[in-house]
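As a plain string of letters, each chain reads:
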Number of protein chains: 2
Amino acid sequence: MPVRSKSDETRARILSAAIDLFRRNGFAQTTMRDIAAEAGVALGGAYYYFESKDAIVLAFYDQAQQDLDPLLEQALASSKDLRKRLHALMDVKLRYFEPNRRLLGTLSAYADPEHPLSPFGERTAATRENDIRFFELALAGTKVPKDLMPHLPRMLWLYQMGIILFWIYDRSAEQRRTHALFEKSLALVVQLIRLSGIPLLRPLRRMVVDLVVTAAG
Amino acid sequence: MPVRSKSDETRARILSAAIDLFRRNGFAQTTMRDIAAEAGVALGGAYYYFESKDAIVLAFYDQAQQDLDPLLEQALASSKDLRKRLHALMDVKLRYFEPNRRLLGTLSAYADPEHPLSPFGERTAATRENDIRFFELALAGTKVPKDLMPHLPRMLWLYQMGIILFWIYDRSAEQRRTHALFEKSLALVVQLIRLSGIPLLRPLRRMVVDLVVTAAG
DNA sequence: GTCTATATGGAGATAGAC
DNA sequence: GTCTATCTCCATATAGAC
């Protein structure tokens, strides 16, 4: 454990104040002035540590990834079964982001890959690829047709993003609808992966792979 | 054709100036001052006709719907074949929105159903339902299992929204990737609808219907 | 009813003193 | 490293001319 300098301290305090405010009041409604006040520094101080409001969100992404990595590793170790593994990955993420559902909402606004905060953009590529790797690991031990294998982790990642998006805006109590939707769709997804190898479905599988290749460019 | 009063004239001029600027510079980057200047009125003039910047976008939606309705009717009349009809519907929309791809981009930002500009929200419900009705009409004459029928128009609408979202951010020349993706996925979708009736797929179909019901609440 | 001119209040960001 | 003072820009509001 590195000793945290006073500077690290202040930076962390600003970040945590910001996330707290984003959570409570939303991203757009939170001003840099609010953040500075909550962290006990002057406005300029906040800008000394983060060059912009966006940069704070990026720092939040980075921290989330660092926090999540070991939890995701652990989730994968809990079982060899694909369904259970995918379920465990999702559980870890939803639990982690639960207090920040609202913040994710304002961020999901950035679908444009050219926006720095977009989950599909360049600035977040490393985090994204890191995340996709966990789906690759989850598939270890599961039989998947050769032509599908290179694409499946990314497809599962996208599926996961869809569920998370649904979850963000799910107004049902404790997001029960998302949980029901996830259980049912996951069973379907795993079933389809299992069935994807049978000869009868070969033409269908090829169509899907072709589709994915087209979409990915 | 009603005679346009001077007031209607001005309103239309402001709307068209706004859309033009949104298109060229994006929604967020365009200020009400820009809009007013481009339309040749003072700032207050713009606010006299539109109570907010958002209201201008809503007016754009409304106008788009009015313009599109007859074109979509016509598109449906062009064929009895489901694939061709769905293709024709998409063609009409992409052609219409082509000059405003960028504007749609900034709007797709509003996934939150509570945001007034969200395509999933209450404020846009009438436009949305109107649009879904065209998918219902497109299905007339196509055999669809009874349990699936009530949900299929909405599912197709959602599929269409996905393609349009992809199109918005498609940086390939003339959005060729989107067009390829659409051709291929449409063939798949139509094929699945055709196959959905065969007894072997009944369990799968029931899972999907169950899924849709869960998602819709 | 239509529009101009001007005001308000708040945002993100920065320069330069300490 | 941190603060104060200040800048620039914007959505929106309003008073009142025509």
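What you are looking at is a predicted structure, and each value in this text was computed from that prediction instead of being measured.

Thresholds applied
Residues numbered from 1 in each chain as written. Chains lettered and ligands numbered in written order. Predicted model: local features only at pLDDT ≥ 70, side-chain atom pairs only at ≥ 80, totals over all residues. Heavy atoms only, no water. Helix = DSSP H or I, 4+ residues; strand = E, 2+ residues; numbered from the N terminus. Expected span 1.5 Å × (residues − 1). Buried < 20%, exposed > 50% of the residue type's maximum accessible area, 1.4 Å probe, protein only. Contact = heavy atoms within 4.5 Å. pLDDT = per-residue confidence, 0-100. Near = heavy atom within 4 Å. Polar contact = N/O pair within 3.5 Å; in protein donor to acceptor, adjacent residues only side chain to side chain. Nonpolar A, V, L, I, M, F, W, Y, C, P; charged D, E, K, R; others polar. Phe/Tyr/Trp six-rings, centres within 6.5 Å; stacked < 30°, edge-to-face > 60°. Lys NZ or Arg CZ within 6 Å of the ring centre and 35° of its normal. Axes fitted to C-alpha atoms, helices over the stretch in contact; angles between N-to-C directions. Parallel < 35°, antiparallel > 145°, perpendicular 65-115°, else oblique. Left-handed = near helix turned anticlockwise from the far one by under 90°. Least-squares fit on C-alpha atoms with pLDDT ≥ 70 in both. Buried area = accessible area lost by both parts, 1.4 Å probe. Salt bridge = Lys/Arg side-chain N within 4 Å of Asp/Glu carboxyl O. Core = buried A, V, L, I, M, F, W, Y, C linked by side-chain atoms within 4.5 Å.

## Focus on helix 5 (residues 82-97) of chain B
Residues and elements named next belong to chain B.
- A rise of 1.5 Å per residue sets the reference length of helix 5, with its 16 residues, at 22 Å; its end C-alpha atoms lie 23 Å apart and thus fit the reference within 8%.
- Taken residue by residue, helix 5 has Leu-82, Arg-85, Leu-86, His-87, Ala-88, Leu-89, Met-90, Val-92, Lys-93, Leu-94 and Phe-97 as its buried positions.
- Considering only its buried residues, helix 5 is in contact with helix 4 (53-77), helix 6 (101-107), helix 7 (125-139), helix 8 (152-168) and helix 9 (176-195).

## Notes on the confidence of the model for chain A
- In the predicted model, chain A carries a mean pLDDT of 92, and 98% of its residues have values of at least 70.
- Here helix 6 (residues 101-107) of chain A stands out as the element of chain A with the lowest mean pLDDT, 81, in contrast to helix 5 (residues 82-97) of chain A, whose mean of 97 is the highest.

## Quick look at the protein's contact with DNA strand D
- In the vicinity of DNA strand D there are 17 residues, among which A:Ser7, A:Ala42, A:Tyr49, B:Leu43 and B:Tyr47 approach most closely.
- Expressed as a percentage, the sugar and phosphate content of the atoms of DNA strand D within 4 Å of the protein is 71%.
- A:Ala42 places a main-chain nitrogen or oxygen 2.8 Å from a phosphate oxygen of DNA strand D.
- One nitrogen or oxygen atom from the side chain of B:Arg33 is found 3.0 Å from a base nitrogen belonging to DNA strand D.
- Put simply, the parts of the chain that give the surface near DNA strand D at least two residues each are helix 1 (6-25) and helix 3 (43-49) of chain A together with helix 2 (32-39) and helix 3 (43-49) of chain B.
- Per-element tally for the surface near DNA strand D: the top contributor is helix 3 of chain A, with four residues.
- Here the surface near DNA strand D is built from residues that sort into seven nonpolar, seven polar and three charged.

## Regarding the packing of aromatic side chains
All names here are of chain A.
- Enumeration over the complete set of coordinates arrives at twelve aromatic pairs over all chains.
- Ring geometry for Phe-60 against Phe-97: centres 6.4 Å apart, planes inclined by 70°, an arrangement best described as edge-to-face. Here Phe-60, found in helix 4 (residues 53-77), pairs with Phe-97, found in helix 5; they are 37 residues apart in sequence, far enough to count as distant. You'll find Phe-60 and Phe-97 in the same group, each marked buried.
- Above the face of the Phe-27 ring, Lys-53 is positioned so that its terminal group lies 4.6 Å from the ring centre.

## Quick look at the packing of helix 7 of chain B against helix 8 of chain B
Residues and elements named next belong to chain B.
- Interaxial distance between helix 7 and helix 8 falls to 8 Å at its minimum, and their mutual angle equals 110°. The angle between helix 7 and helix 8 falls in the class roughly perpendicular. Seen along the crossing, helix 7 lies across helix 8 with a hand that is right-handed. Residues Arg-128, Glu-129, Asp-131, Ile-132, Phe-135, Glu-136 and Leu-139 of helix 7 form the contact with helix 8, whose own contacting residues are Leu-152, Pro-153, Arg-154, Leu-156, Trp-157 and Gln-160.

## Quick word on the relation of the copies chain A and chain B
- Between chain A and chain B, the superposition needs a rotation of 180° and an axial shift of 0.0 Å, giving an RMSD of 0.1 Å. Given the turn and translation reported, the copies of this chain are related as if by a two-fold rotation axis. Considering only C-alpha atoms, the part of chain A nearest the rotation axis is A:Ala109, at 2.1 Å.
- Here 100% of the interface residues in chain A have copies in chain B that are interface residues too; the copies meet face to matching face.

## What to know about the interface of chain A and chain B
- Tallying the contact residues gives 24 residues for chain A and 24 residues for chain B.
- Of the roughly 2300 Å² buried where chain A meets chain B, counting both sides, 70% is carbon and sulfur surface.
- Looking at the side of chain A facing chain B, the largest losses of area belong to A:Leu188, A:Leu211 and A:Thr214, adding up to 23% of the total buried there.
- Linking chain A with chain B are two salt bridges.
- Among the ionic pairs, B:Asp210 bridges to A:Lys184, the shortest N-O distance being 3.2 Å.
- For the interface between chain A and chain B, the tally reads six residue pairs in polar contact (both at pLDDT 80 or more).
- For the side of chain A that touches chain B, the elements supplying multiple residues, two or more each, are helix 9 (176-195) and helix 10 (202-216) of chain A.
- Here the side of chain A that touches chain B gets eight residues from one element, more than from any other, and that element is helix 10 of chain A.
- The residue inventory of the side of chain A that touches chain B, partitioned by class, reads 15 nonpolar, three polar and six charged.

## Structural notes on the environment of A:Glu183
All names here are of chain A.
- Here Glu-183 lies in helix 9.
- Through-space distance from the C-alpha of Glu-183 to that of Arg-83 is 9.6 Å; in sequence the pair is 100 residues apart.
- In this view, Glu-183 contacts Arg-83 and His-87; residues no more than four positions away in its chain are not counted.
- Of note is the side chain of Glu-183, whose polar atom sits 2.7 Å from the side chain of His-87.

## Digging into the nonpolar core
- In terms of nonpolar packing, the biggest core is built from 64 residues, with B:Phe22, B:Ile35, B:Ile56, B:Leu86, B:Leu89 and B:Leu156 touching the most fellow members.
- Counting only elements with at least two residues in this core, the list comes to helix 1 (6-25), helix 2, helix 4, helix 5, helix 6, helix 7, helix 8 and helix 9 of chain B.
- The greatest single-element share of this core, amounting to twelve residues, is contributed by helix 4 of chain B.
- Once you skip the residues sitting within four places of it in the chain, B:Leu89 turns out to touch B:Leu72, B:Ala75, B:Leu76, B:Phe134, B:Phe135 and B:Ala138.
- Counting residues in each nonpolar core, the second largest holds 63 residues, with A:Phe27, A:Phe50, A:Phe97 and A:Leu104 among its members.

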